[in-house]
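Report on the structure
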Protein chains: 2
Amino acid sequence: MKESKYLNDLIEALTILPGVGKKSAQRMAYILLRMSKDKTINLANKLSKIITDVSSCNICGIYLDNEDAILQKNSDKHLCIGAGRDESKICVTESPADIYIIENSTDYNGDYFSLTGNLSPLDGRGPSEIGIIRLEERLKKNNISELILATSTTVEGEATAHYIQQLASKHNIKVSRIAFGIPLNGELGYLDSDTISHAFNERKEL
Amino acid sequence: MKESKYLNDLIEALTILPGVGKKSAQRMAYILLRMSKDKTINLANKLSKIITDVSSCNICGIYLDNEDAILQKNSDKHLCIGAGRDESKICVTESPADIYIIENSTDYNGDYFSLTGNLSPLDGRGPSEIGIIRLEERLKKNNISELILATSTTVEGEATAHYIQQLASKHNIKVSRIAFGIPLNGELGYLDSDTISHAFNERKEL
């Protein structure tokens, strides 16, 4: 049976998306072919656009359009956060996406810093690869009062938090870690034993 | 908090993919940004390519690269299926994807015809919209001995099968429908009552 090479190429290419295997990619490709051409062309253009026109803020690491990133480079102020924020506090996350999650869920009024992942020496990710050197420069230069560590509870996330804590103590900066425990509205029966055991050991007196 | 417009554009564009909502699209976009640029550019190119370089076979309706579709247009033979196949049998499916599924799962040795969906007058899809007129031309022209209906068991799929059956009987062509019932290796406890009731009523004497 004949097949379309270009269609198979697309199916192959779609599998780079997270959670998309061969079957889902096939389904996506067939649906794209039946969809209006404009939508597919639009998707192709937007994909190219993030490669050419998106870069990172050189201060906090969130993704910015090139023009904003250049403005930021030529500015003394941190433009990503609005005026009137407490720049003496820095919340450290393991990815730019986490910054938006914290920004949208809390009333935190400080500044941010995104690492590019967690420490993982076996994978060749040391302090300089994940941006800790840049963080240290920021600690030296600015007048920082508190560092809030929001990396995850994986082994790598904890190691990263520990490393940054050591670093901050050298500079006499207060360090805090976001709280881990039972999620609000969570039921004990549905939680893993690690979380329950942690919550139990870290109980607070009322 | 500043955001990247181009990144948000991509997130919006990704939601045209089936099963991809806002959250999954965000996850995809962030992962694409951290991935090697080549892979994203490749995906963008492959998407453009299916718009410009893929069309349909004018006989069976499967997707073909343009050069193959042109070859097919200038040929009397049906090039999609290999030589030595029984061209007097036609299996009718509701989409090109279903042709490959049947081809890969069965030892069927006949020809195919893909409709572009099922009849659904309320959505403006009548016999000419879904390709039944083209099917009828093929029934008139070629010497067809059997039509195998492989549309689904939805109301629209059944209506389409019924319509084609009427059409074929006008041309004195034998029509068969693929069998519906309990899936092989399926457990009764996990099946819907419609399937079980159908399988029970259509029981075969041994």
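Residues numbered from 1 in each chain as written. Chains lettered and ligands numbered in written order. Predicted model: local features only at pLDDT ≥ 70, side-chain atom pairs only at ≥ 80, totals over all residues. Heavy atoms only, no water.

Describing the relation of the copies chain B and chain A
Once chain B has been moved 0.0 Å along the axis and rotated by 180°, it coincides with chain A to within an RMSD of 0.1 Å. This pairing of chains is accounted for by a two-fold axis. The C-alpha atom lying nearest the rotation axis in chain B is that of Ala-44 of chain B; the distance is 2.1 Å. (Least-squares fit on C-alpha atoms with pLDDT ≥ 70 in both.)

What to know about the interface of chain B and chain A
On the chain A side, the residues contacting the 53 residues of chain B number 53 residues. Of the roughly 5500 Å² buried at the junction of chain B and chain A (both faces included), carbon and sulfur atoms supply 77%. Counting across the interface, chain B meets chain A through zero salt bridges. Scanning the region where chain B abuts chain A turns up 10 residue pairs in polar contact (both at pLDDT 80 or more). Examining the composition of the side of chain B that touches chain A, we find that 14 residues originate from one element, helix H3 (residues 37-53) of chain B, more than from any other. Of the residues that constitute the side of chain B that touches chain A, the class distribution is 33 nonpolar, five polar and 15 charged. (Contact = heavy atoms within 4.5 Å. Buried area = accessible area lost by both parts, 1.4 Å probe. Salt bridge = Lys/Arg side-chain N within 4 Å of Asp/Glu carboxyl O. Polar contact = N/O pair within 3.5 Å; in protein donor to acceptor, adjacent residues only side chain to side chain. Helix = DSSP H or I, 4+ residues; strand = E, 2+ residues; numbered from the N terminus. Nonpolar A, V, L, I, M, F, W, Y, C, P; charged D, E, K, R; others polar.)

Focus: the sheet that holds strand E6 (residues 174-177) of chain B
Residue and element names in this part refer to chain B. Taken in spatial order, the four strands make up an open sheet running E4-E3-E5-E6, and their pairing is parallel. In this open sheet, the two edge strands, each paired with only one partner strand, are strand E4 (110-114) and E6. Strand-to-strand twist in this sheet, taken as the mean axis angle between neighbours without regard to direction, amounts to 25°. Sheet analysis places strand E3 (residues 86-93) next to E4, joined by five bridges and oriented parallel. Bridging from a neighbouring strand, Cys-91 pairs with Tyr-112 of E4. Of the strands in this sheet, E3, E4 and strand E5 (146-149) touch helix H6 (residues 132-141), which is tilted by about 155° from E4. (Pairing = 2+ DSSP bridges. Axes fitted to C-alpha atoms, helices over the stretch in contact; angles between N-to-C directions.)

Comments concerning the environment of Ser-24 of chain B
Residue and element names in this part refer to chain B. Counting through the fold element by element, Ser-24 comes out in helix H2 (residues 22-34). Classification of Ser-24 as partly exposed rests on a relative accessible area of 33%. Along the backbone, Ser-24 and Thr-195 are 171 residues apart, and their C-alpha atoms lie at a distance of 33 Å. (Buried < 20%, exposed > 50% of the residue type's maximum accessible area, 1.4 Å probe, protein only.)

Thoughts on the packing of aromatic side chains
Taken as a whole and judged by the stated rule, the model has four aromatic pairs over all chains. For the pair Tyr-63 of chain A and Tyr-30 of chain B, a centre-to-centre distance of 5.9 Å together with 35° between the ring planes defines the contact as tilted. In this pair, Tyr-63 of chain A is assigned in strand E2 (residues 63-65) and Tyr-30 of chain B in helix H2, connecting two distinct chains. By relative accessible area, which is 10% here, Tyr-63 of chain A ends up buried. Tyr-30 of chain B sits in the buried class, given a relative accessible area of 14%. Sitting above the plane of the Phe-200 of chain A ring, Arg-203 of chain A keeps its charged end 5.3 Å from the centroid. (Phe/Tyr/Trp six-rings, centres within 6.5 Å; stacked < 30°, edge-to-face > 60°. Lys NZ or Arg CZ within 6 Å of the ring centre and 35° of its normal.)

A look at the packing of helix H3 (residues 37-53) of chain A against H3 of chain B
Viewed as axis vectors pointing N to C, H3 of chain A and H3 of chain B meet at an angle of 160°, and their least axial separation amounts to 9 Å. By the angle between their axes, H3 of chain A is roughly antiparallel relative to H3 of chain B. For H3 of chain A against H3 of chain B, the interelement crossing comes out left-handed. Within the contact between the two elements, H3 of chain A uses Lys-37, Thr-40, Ile-41, Leu-43, Ala-44, Leu-47, Ser-48, Ile-50 and Ile-51 of chain A and H3 of chain B uses Lys-37, Thr-40, Ile-41, Leu-43, Ala-44, Leu-47, Ser-48, Ile-50 and Ile-51 of chain B. Taken together, the residues of the contact of H3 of chain A with H3 of chain B break down into 12 nonpolar, four polar and two charged. (Parallel < 35°, antiparallel > 145°, perpendicular 65-115°, else oblique. Left-handed = near helix turned anticlockwise from the far one by under 90°.)

Read these as geometric descriptors, not functional statements.
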